[in-house]
Amino acid sequence: MWRMALAVALVDFALAAILIKLAHFGSSPALRSLLDPIRFVGIFGTAVLIVAAVQQDAIPGMRQDWLARPIKRTDLLLSKMLFVAIMARGPIFLGDLVEGLAFGFSIESSLAAATSRNLWMFLAFDLPLLAFGTLTRNLTEAVVGGLAIMLSASSVIAMLNELYRGARWQETLRTGMAWVTQSITILVVLLATMIVLAFQYYRRKTMPARWTTGAASLLFVASLSMPWRPVFAVQQRFSQNPAVARSVTLAFEPGMGRFRDPSGLRRSDRNESEMIVPLPLRFSGLPDNVVLKADHSTVRFISVDGRAEDFTTVNDLEIRKDGSADGLVRDYHSIRFVAEDYNRIKDQRVRIEIDYSFTLLTLASSHGIPAVHGEQRTGDLGWCKTRFNSARTAVQLLCLAPGKMRNCATAFLEHAASGRRNPELSNCSPDYSPYWGQLQMDAVTRFGFGLPFRDPAGLARYPIDGSKIGESQIVVRLYKPQDHFTRRIMIPEIRLSDWVAGN
Amino acid sequence: MIRADNLWKKFGRHEALRGLSFSAPEGSAFALIGANGAGKTTTIKILMNMLEPTRGRAEILGVDSRRLSPRELEWIGYVSENQDMPTALTVGQYLDYLRPFYSRWDRDLEASVRRQLRLPSERRIGDLSHGMRMKMALACALPFRPTLLILDEPFSGLDPLVRDEFMEGLLQQAGEMTVLISSHELGEIDGVATHVAFIDEGQLLFEEAMSDLTGRFREVQVTFDRPAATPAQAPRDWLHVRAMGNVLAFVETRFTEEDLGERVRSAVGAVRRIDTQPMPLRSIFTALARSARDAAEMREA
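Caption draft 1: Region of interest: the overall build of chain B. Looking only at helices and strands, chain B has ten helices and 14 strands in total. Contacts spanning at least 24 positions in sequence make up 70% of the contacts within chain B whose residues lie at least 6 apart.

As structure tokens, this is what we get:
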């Protein structure tokens, strides 16, 4: 056991060392290629270590010496948990802590990031594995059982994906509200873990414990399909500033005409399997310096004979309004359809109702970093660096921050002397969770942009090009969620084919 | 000390125990005897709460076996032929590990048992032979001076030398403890057991003090003046009745010196001579096992 624990710890330390070495733009391809394999070996090794530790005093069977010894079951269970916490989780915690400190973050923030990640991992990964280990006698059984559970769950998920066309049945997972679903799945897993551990350590009832595991696996998959409304209702209760979006309205704006790409080119994102229909919308009442994000929208088509059909989309509309704009913002909501669905209804005259679930994010902070060889440390962005990409057509910005980061930001290149700006880019995949920490692969969050300033094909011209890039800066704006609210628009009569993007 | 009351255990469709009841008095060396698959190990696993009975209950040290806790286990030594000990640890390491669990662990006794059983401290348990592992199990079961020692087929697969060493180790430390020993080898318990229970196909055939058992069993040979014939209705106490020339031989299971002659004559008439011979344990069990098997065959027929 000690050798195995040491080997796994070495893998964990190696991973931390590679992450430290790579830092922002670590350019060693060999190291970079090692990252994923080592991460996998580390996770697999930790899993094997946990299961092996449990199997030292296996529960199933009746030949184990410990069964005849005056060992308190609670003591045995606690000793296993302690082993997992110290020997399996400990080295990862240490690696995370050292990584944070090596990047120059304070001891408090490094400790908080390492503690948060590892606490979540302990609850959501280590303990369930420990419980799973109690169901098996040896590693062969554990591997076969683990594969059986994974294959069954994957089959059910694949079946649901097929049934619901893509991953729409798990729509909450691709939004900032994923934390609600994740919290429920973690609760399901933890509850099942507690039941299994109680069955095994206090009753030695392996069959009921195995049935519990099977049922929990199904419940886990089912909990991924949390319906949108209750999840959003929960999120609304956590709105920071529920009044801020009260005046926001939106309406269909047919006067904008059908969408035409500013480049004059045909849209290249059209493919055979899907169709995009950009509907023109007008937004009013938006405060200054905000991002309005449609986390979810349900598009309902009602035919003349009253038949209704719903299509759900997520994260496909993001409106930005900075202080310079007037009160109105016009933009297109590009609704993606499966081609088969589109072809069925494209020429029908239908009524459309769209129910939006919005989040309004307001500007939290703004930072300027030199575009070339810039380096800056800030409280909410962390440690950021800039550099050219290898083709020298874009500037790359990468920030490392301990723990959970505010990950809705926009960035643009700005030439302060002339006041010129390149188009603003957005990287907004927010996590609206109200609690400390999150389940993540690394204690240090990596966040960045690639901001183009030169088009090698010569088709696009940027206000800030290669000649001014040396005197320019990257302006990064961070946004924080303030309000979650719903709006509905109704379009009395429309034919989809009239609104497909033109050229 | 130990009591089994109408124990049933089913594994799928197979009934390993079928209403087994017996009780082992305090201070006894109680032998659970039966062929392989008779249900001895299942009974012991139920007593040790390693298995749950399908029906019935077992008591050990006055506690329902299902409620056996570390408090009782601190008084119970357990040695089994199929006992999985941590193979990666050495003999010494495992004894070091076990010591703190027993408040009455006697280190001098441990040293003495280890010396007597000649257990190498530095050897890994996984590298020990079967015989050495059994001795190791015994060395782990004696130093805390258990009041109850349970031995499940302890001699299985042991060569005579190891077996003798094992027995010496056991007998020297037995003292006042109650011993429950299961075996399918009668020779192993001869001279050790004070009480015996015979199990066949999950049922108890009999349970008795060893002295009573050997006292009431006799090999009887009845000599006639004429050729002997097997009686059509032999008394139920006679087992394995067979006729050979002028001699009728059987196993008497209710032997008393005083009334044997009268009982024989009332069953077979005039006889020339009656010879009786005490039976070794092995012969008693052979006769009983054969009788049980015949009865089962008749029931099936």
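Caption draft 2: A look at the overall build of chain A. In terms of helices and strands, chain A carries nine helices and 14 strands. Every one of the 503 residues in chain A was classed for burial, and the buried ones make up 33%. Sequence separation of 24 or more characterises 78% of the internal contacts of chain A that already satisfy a separation of 6 or more.

Caption draft 3: Structural detail: the interface of chain B and chain A. Counting from both sides, the interface comprises 16 residues of chain B and, opposite them, eleven residues of chain A. Residue composition of the side of chain B that touches chain A, by class: eleven nonpolar, two polar and three charged.

Caption draft 4: Just the confidence of the model for chain A, in detail. Per-residue pLDDT for chain A averages 88, and the proportion of residues at 70 or more is 96%. Taking the mean pLDDT of every element in chain A, the minimum, 82, falls on strand 4 (residues 308-321) of chain A and the maximum, 95, on helix 3 (residues 73-102) of chain A.

Caption draft 5: Main features of the pairing of strand 10 (residues 408-415) of chain A. Residues and elements named next belong to chain A. Of all the eight residues making up strand 10, seven are buried; the element is thus mostly covered by neighbouring parts of the structure. Across four bridges, strand 10 lies against strand 12 (residues 425-428) in antiparallel orientation. Each residue of the ladder has a partner; that of Ala409, found in strand 12, is Asn427. The pairing of strand 10 with strand 14 (residues 473-494) spans six bridges and is antiparallel. The residue of strand 14 that forms the bridge with Glu414 is Gln473. Direction of pairing for strand 10 relative to strand 11 (residues 420-421): antiparallel, over a ladder of two bridges. Within strand 11, the residue paired with His415 across the bridge is Arg420. If you look at the hairpin formed by strand 10 and strand 11, you'll find four residues sitting between the two strands, and Gly419 has a positive phi there, around 75°.

Caption draft 6: Broad picture of the sheet that holds strand 5 (residues 63-64) of chain B. All names here are of chain B. The antiparallel open sheet is built from four strands, whose spatial order is 2-1-4-5. In this open sheet, the two strands that pair with only one neighbour each are strand 2 (14-24) and strand 5. Of the strand pairs in this sheet, strand 4 (residues 55-60) and strand 5 are connected by two bridges, and their pairing is antiparallel. Bridging from a neighbouring strand, Ile60 pairs with Val63 of strand 5. Relative to the sheet, helix 1 (residues 40-47) contacts strand 1 (2-11), strand 2 and strand 4, its axis offset from that of strand 1 by approximately 115°.

Caption draft 7: Spatial organisation of the domain arrangement of chain A. Residues and elements named next belong to chain A. As far as domains go, chain A holds domain 1 (2-226), domain 2 (249-360 + 484-499) and domain 3 (364-480). Look at where the C-alpha atoms of domain 1 and domain 3 centre, and you get two points 34 Å apart. Listed as interface residues are 23 residues of domain 1 and, on the opposing side, 19 residues of domain 3.

Caption draft 8: Broad picture of the domain arrangement of chain B. When the domains of chain B are assigned, the result is domain 1 (2-208) and domain 2 (218-278). Distance between the C-alpha centres of domain 1 of chain B and domain 2 of chain B: 41 Å.

Caption draft 9: Looking closely at unusual backbone geometry. The backbone of A:His373 shows a phi angle near 50°, a positive value even though the residue is not glycine. Relative to the helices and strands, A:His373 resides in the loop between strand 6 (350-370) and strand 7 (375-378). You will see that B:Arg118, though not glycine, has its phi angle at about 50°, which is positive. Relative to the helices and strands, B:Arg118 is located in the loop between helix 4 (107-117) and helix 5 (130-141).

Caption draft 10: Examining the pairing of strand 3 (residues 29-33) of chain B more closely. All names here are of chain B. Extensive coverage of strand 3 is indicated by the burial of five of its five residues. Burial along strand 3 is two-sided: the face carrying Ala29, Ala31 and Ile33 and the face carrying Phe30 and Leu32 are both buried. In the sheet, strand 3 pairs with strand 8 (residues 178-183) via five bridges, with the strands oriented parallel. By the bridge assignment, Ala29 is partnered in strand 8 with Val179.

Caption draft 11: Focus on the packing of helix 6 (residues 178-203) of chain A against helix 7 (residues 206-223) of chain A. All names here are of chain A. Between helix 6 and helix 7, the least distance of the axes is 9 Å, while the angle of their chain directions is 180°. Comparing their axes, helix 7 and helix 6 come out roughly antiparallel. Every residue of helix 7 that contacts helix 6 at Thr181, Ile184, Thr185, Val188, Val189, Ala192, Ile195, Val196, Phe199 and Gln200 is listed here: Thr206, Pro208, Ala209, Thr212, Thr213, Ala216, Leu219, Phe220 and Ser223. Residue classes in the contact of helix 6 with helix 7 are distributed as twelve nonpolar, seven polar and no charged.

What counts and what doesn't
Residues numbered from 1 in each chain as written. Chains lettered and ligands numbered in written order. Predicted model: local features only at pLDDT ≥ 70, side-chain atom pairs only at ≥ 80, totals over all residues. Helix = DSSP H or I, 4+ residues; strand = E, 2+ residues; numbered from the N terminus. Contact = placed C-beta atoms within 7 Å. Buried ≥ 20, exposed ≤ 12 C-beta atoms within 10 Å, placed from the backbone. Nonpolar A, V, L, I, M, F, W, Y, C, P; charged D, E, K, R; others polar. pLDDT = per-residue confidence, 0-100. Pairing = 2+ DSSP bridges. Axes fitted to C-alpha atoms, helices over the stretch in contact; angles between N-to-C directions. Domains from an automatic or database assignment. Parallel < 35°, antiparallel > 145°, perpendicular 65-115°, else oblique.

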